[in-house]
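Spelled out, the chains give:
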Amino acid sequence: DGTLKKPKRTKSGMNAKVCATVYKDFETFSPQFEDISVPANQPFPWNPSSLYILRPPYLEMPSVLGDVIKASVLLSLGDNVSSELVSPSGSMSRNSTAAQYLSSKGLVPKEYDSYGNRRGNHNIVAMGIFNNNKLKNYLVSMNGPFTKHIPTNTIVDIYEAARMYKKSNTPMVLVAGANYGTGPTRDSGARGLRLLGVSAVIAHSFSPAHRLELINQGVMPVLCVDTTA
């Protein structure tokens, strides 16, 4: 009749008969899937003009950053910086760096989509880091995705500040309070920091999941121990 019925469960899990039926001849279970043509020349034909998914640079980036010497602070944050604040998934504001990037590619605002849907584009990931109007960065007086480029004492957006530091080969660190990276697991936050060129995050404590994500991306999570307690 075209309706899906809920499979019966036993104390040990799904009904064994249902499992046997589903997984029997599994490789030929969906002939439509088997009929999908696959290019023989490479695993995936990357399209350099795509704005949704691009070949990421992570594999070409060095896995070990080495010593961090004479670094500048990109951001100074407080406690409970959530994964959503680090890497937003919602819509882009029209004046954001990511929106300007998409506009330069010929898109109009209704085509921008969301940060979450464009996470396959590493440029959007980097541009979206901390792009939140509620961000409180203690290097500047206003809320939002801004910071101070310390060498020039100028206030710019975070992506531009990172670009300026990278251009002068200045290492960057991020300073935060307790529970940095709290909330749902979101590896785009760690990937975005790596793309910006951040070498380390110095915090009083980390979300265990986000700490692992930072390590996997080659960003050092440094625990700041309170010696006054």
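Residues numbered from 1 in each chain as written. Predicted model: local features only at pLDDT ≥ 70, side-chain atom pairs only at ≥ 80, totals over all residues. Heavy atoms only, no water.

(A) Spotlight on the overall build of the chain. From N to C terminus, the chain includes eight helices and eight strands. A total of about 14,300 Å² of accessible surface is found on the chain, and carbon and sulfur atoms cover 55% of it. (Helix = DSSP H or I, 4+ residues; strand = E, 2+ residues; numbered from the N terminus. Areas by Shrake-Rupley, 256 points an atom, 1.4 Å probe, with all protein chains shown as cover.)

(B) Seen up close, the sheet that holds strand β3 (residues 72–76). Taking strand neighbours across the sheet as the criterion, the four strands line up as β3-β6-β7-β8 in an open arrangement whose pairing is parallel. The open sheet has two free edges, formed respectively by β3 and β8 (220–223), since each of these has just one partner strand. Shown here is a sheet whose adjacent strand axes are inclined to one another by a mean of 25°, direction ignored. Two elements, strand β6 (residues 172–175) and strand β7 (residues 198–203), share four bridges in a ladder whose sense is parallel. Bridge pairing in β7 places Val-175 opposite Ile-202. Helix α6 (residues 158–167) rests against β3 and β6 of the sheet, and its axis sits at about 170° to β3. Lying on the sheet, helix α7 (residues 188–196) is in contact with β3, β6 and β7; it crosses β7 at an angle near 125°. (Pairing = 2+ DSSP bridges. Axes fitted to C-alpha atoms, helices over the stretch in contact; angles between N-to-C directions. Contact = heavy atoms within 4.5 Å.)

(C) Inspection of the nonpolar core at higher detail. Leu-74, Leu-77, Phe-130, Leu-174, Tyr-180 and Leu-193 are the most contacted members of the largest nonpolar core, which totals 30 residues. Contributions of two or more residues to this core are made by β3, α3 (83–86), α5 (122–128), α6, β6, α7 and β7. Ignoring sequence-local partners within four residues, the contact set of Leu-74 consists of Asn-137, Leu-139, Thr-147, Ile-158, Ala-161, Ala-162, Tyr-165, Met-172, Val-173, Leu-196 and Val-198. (Core = buried A, V, L, I, M, F, W, Y, C linked by side-chain atoms within 4.5 Å. Buried < 20%, exposed > 50% of the residue type's maximum accessible area, 1.4 Å probe, protein only.)

(D) Spatial organisation of a nonpolar patch on the surface. On the surface, a nonpolar cluster with roughly 360 Å² of combined accessible area is contributed by Phe-44, Trp-46, Tyr-52 and Ile-53. Along the chain, Ile-53 falls in the loop between α2 (31–34) and β3. With relative accessibility at 39%, the residue Ile-53 sits in the partly exposed group. (Patch = residues over 30% accessible without salt bridge, like charges linked within 9 Å, V, L, I, M, F, W, Y side chains within 5 Å. Salt bridge = Lys/Arg side-chain N within 4 Å of Asp/Glu carboxyl O.)

(E) Region of interest: helix α8 (residues 208–216). Within α8, the full set of buried residues consists of His-210, Glu-213 and Leu-214. All buried residues of α8 project into a common sector of 100° when viewed along the axis, lining one side. Of the exposed residues in α8, the ones pointing more than 90 degrees away from its buried face are Pro-208 and Asn-216. Its buried side turned inward, α8 meets α7, β7 and β8. Looking at the residues trailing α8, positive phi occurs at Gly-218, about 85°. (Arc of directions from axis to C-beta.)

(F) Layout of the side chain of Asn-132. Here Asn-132 lies in the loop between α5 and β4 (146–149). A distance of 2.8 Å separates the side chain of Asn-132 from the backbone nitrogen of Lys-134, its partner in a polar contact. When near neighbours in sequence (up to four residues on either side) are disregarded, Asn-132 contacts Leu-85, Gly-144 and Pro-145. (Polar contact = N/O pair within 3.5 Å; in protein donor to acceptor, adjacent residues only side chain to side chain.)

(G) A look at the packing of aromatic side chains. Throughout the structure, instances matching the rule amount to one aromatic pair. Judged by centre distance (6.1 Å) and plane angle (85°), the ring pair of Tyr-180 and Phe-206 falls under edge-to-face. Here the residue Tyr-180 occupies a position in the loop between β6 and α7, and Phe-206 occupies one in the loop between β7 and α8, the gap between them amounting to 26 residues. Take Tyr-180 and Phe-206: they sit in the same class, and that class is buried. Lying across the ring of Tyr-52, Arg-118 places its NZ or CZ 3.9 Å from the centre. (Phe/Tyr/Trp six-rings, centres within 6.5 Å; stacked < 30°, edge-to-face > 60°. Lys NZ or Arg CZ within 6 Å of the ring centre and 35° of its normal.)

Honestly, it's all geometry; don't read function into it.
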